[in-house]
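Topology and contacts: notes
Below are the chains, spelled out letter by letter.
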Amino acid sequence: MFRQPLHDRGVISRYRSFLPVNDTTPVVSLNEGSTPLIHSAKLSALTGRGCEVFIKYEGLNPTGSFKDRGMTMAMSKAAEAGKKAVICASTGNTSAAAAAYATRAGMECVVLLPAGKISAGKLAQAFVYGSKVIAIDGNFDDALDLVRKIGERDDFEVVNSINPFRIEGQKTASFEIIDELGDAPDIHILPVGNAGNITAYWKGYEEYAAMGKATKKPRMTGFQAAGSAPIFYNKVVEHPETVATAIRIGNPASWDQAKAAIRDSKGSIDIVTDQEILDAQAWLAANEGIFIEPGSAASVAGLLKCLDCHREPCATCPVRGIPEGSTLVLTVTGHGLKDIDAPLKHRSFAPLQAANSMEAVLHTLGY
Ligand code: AN7
């Protein structure tokens, strides 16, 4: 029986022929990808009409988010080019991935973060993986502007998703979904921030379909946080705000590509409120045992919103009017443990109190 070498199990190894690498590219990997595609019986039932809903759980990547898929490519190509240092702006997950993969590659990593707007878990990751962390007095969009300028120098390779190799790596998520389902889904729902991921997924779906590996392509359906929804409102948001700090972005780098993906796939873009995001996060954890961060919950919140919607007809709705038996995939992009403050702040989770005895514990439980 063929066994893949232990040291070579990431997305570059799995999808080498679909990626811009060659035999001399040093592969920088943490065995990312191959994340679970989990069937949700409850969401399927809620959707009705024999539809099947699957959750692509990207929080199970090595640094806890989908960013690892793009980072293995960006870092491998930076290593191939002989770069010694990388830089990125981040709402927290890109910086976590960049920090880990740069360490793996033996490179220096500099991350620019919006001060005070990064979850503690993600900030801790940037530090413990050994990157240089700079908090700027501005938001993510300001940080990305700075990174673009610094990237014009030769010293640093930019590893934000304006680096095309990031998109290449991230498109492998679509390949995995098609490989597992045997075809593309009818609808793909995902959160949108800087819009690199929706761009990458669409690229993956298009490429696999062009190669005959899928008979169809899904409608790409993005959800932004209501306070940070530039694509939905078709206008830069100067001061984006949302509890979902991962997608607190007012001027997405891949804006045009995201619009093209939505247009070409007959998809849509819509918004969800912070309350809908937090409710969806709680719902998925309590109903399906999947704990995701608030930014990720935008996709689940979006589906729940559409199922509950009574606007008729609703131009942006990805769900109503879909044919019976459709397949939906929701990407949930980051692990819930990344940001435990958000759910703890918005709901009280005080433990029941009991004395240190079996009788007291049973009594507290009402037995
Ligand atoms: C959990 O880390 O932009 O639309 O700097 O962390 O591809 O930007 C994170 C984005 C969704 C949005 N879910 O993806 C960053 C950053 C989570 C995220 C998104 C992000 P894009």
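A quick note: this is a predicted structure, and the numbers were derived from the prediction, not measured.

**Regarding the pairing of strand 2 (residues 52-57)**
The element strand 2 is extensively covered by neighbouring structure, given that five of its six residues are classed as buried. The pairing of strand 1 (residues 37-40) with strand 2 spans four bridges and is classified as antiparallel. When the bridges of strand 2 are listed, H39 appears paired with F54. Sheet topology note: the strand 2/strand 10 (residues 327-332) ladder contains six bridges and is parallel. Residue Y57 lies in a different strand from strand 10, and its bridge partner there is V332.

**Here's the deal with helix 4 (residues 93-105)**
Spanning 13 residues, helix 4 covers 18 Å between terminal C-alpha atoms, matching the ideal 18 Å at 1.5 Å per step. Across the 13 residues that make up helix 4, a large majority, ten, are buried. What helix 4 keeps buried is the set N93, T94, S95, A96, A97, A98, A99, A100, Y101 and A102. Structurally, helix 4 contributes buried residues whose contacts are with helix 3 (67-80), strand 3 (85-89), strand 4 (108-114), helix 5 (120-128) and helix 7 (164-170). Looking one or two places after helix 4, you find G106, whose phi comes out positive at around 75 degrees.

**Focus on helix 3**
Taking 1.5 Å per residue, 14 residues should reach 20 Å; helix 3 reaches 20 Å between its end C-alpha atoms and fits that length. In terms of burial, helix 3 is largely enclosed, as twelve of its 14 residues are buried. All of the buried residues along helix 3 are K67, D68, R69, G70, M71, T72, M73, A74, M75, S76, K77 and A78. Within two residues after helix 3, G82 carries a phi angle of roughly 80 degrees, on the positive side.

**Focus: unusual backbone geometry**
A positive phi angle is found at N234, which is not glycine, with a value near 55 degrees. By secondary structure assignment, the location of N234 is in the loop between helix 10 (230-233) and helix 11 (255-264).

**So, the packing of helix 8 (residues 172-181) against helix 9 (residues 196-210)**
Closest axis-to-axis distance for the helix 8/helix 9 pair is 7 Å, and the angle between their directions is 50 degrees. With respect to their mutual orientation, helix 8 and helix 9 come out oblique. Both helix 8 and helix 9 take part in a crossing whose hand is right-handed. Contacts from A173, S174, F175, I177, I178 and D179 of helix 8 reach helix 9 at Y201, G204, Y205, E207 and Y208.

**A closer look at the sheet that holds strand 7 (residues 187-191)**
Spatial strand order, 1-2-10-7-8-9: six strands in an open sheet with mixed pairing. One side of each edge strand has no neighbouring strand; the edge strands of this open sheet are strand 1 and strand 9 (268-272). Across the sheet, the axes of successive neighbouring strands diverge by a mean angle of 25 degrees, strand direction being ignored. Bridge count for strand 8 (residues 219-225) against strand 9 is five bridges, and the pairing is parallel. Opposite G222, over in strand 9, you have I269 as the bridge partner. Sheet strands in contact with helix 8 are strand 1, strand 2, strand 7 and strand 10, and its direction is about 135 degrees off that of strand 2. Against the sheet, helix 13 (residues 294-307) engages strand 2, strand 7, strand 8, strand 9 and strand 10, with an angle of about 150 degrees to strand 10.

The rules behind the values
Residues numbered from 1 in each chain as written. Predicted model: local features only at pLDDT ≥ 70, side-chain atom pairs only at ≥ 80, totals over all residues. Heavy atoms only, no water. Buried < 20%, exposed > 50% of the residue type's maximum accessible area, 1.4 Å probe, protein only. Helix = DSSP H or I, 4+ residues; strand = E, 2+ residues; numbered from the N terminus. Pairing = 2+ DSSP bridges. Expected span 1.5 Å × (residues − 1). Contact = heavy atoms within 4.5 Å. Axes fitted to C-alpha atoms, helices over the stretch in contact; angles between N-to-C directions. Parallel < 35°, antiparallel > 145°, perpendicular 65-115°, else oblique. Left-handed = near helix turned anticlockwise from the far one by under 90°.

Interpretation note: all reported values are geometric properties and have no functional meaning in isolation.
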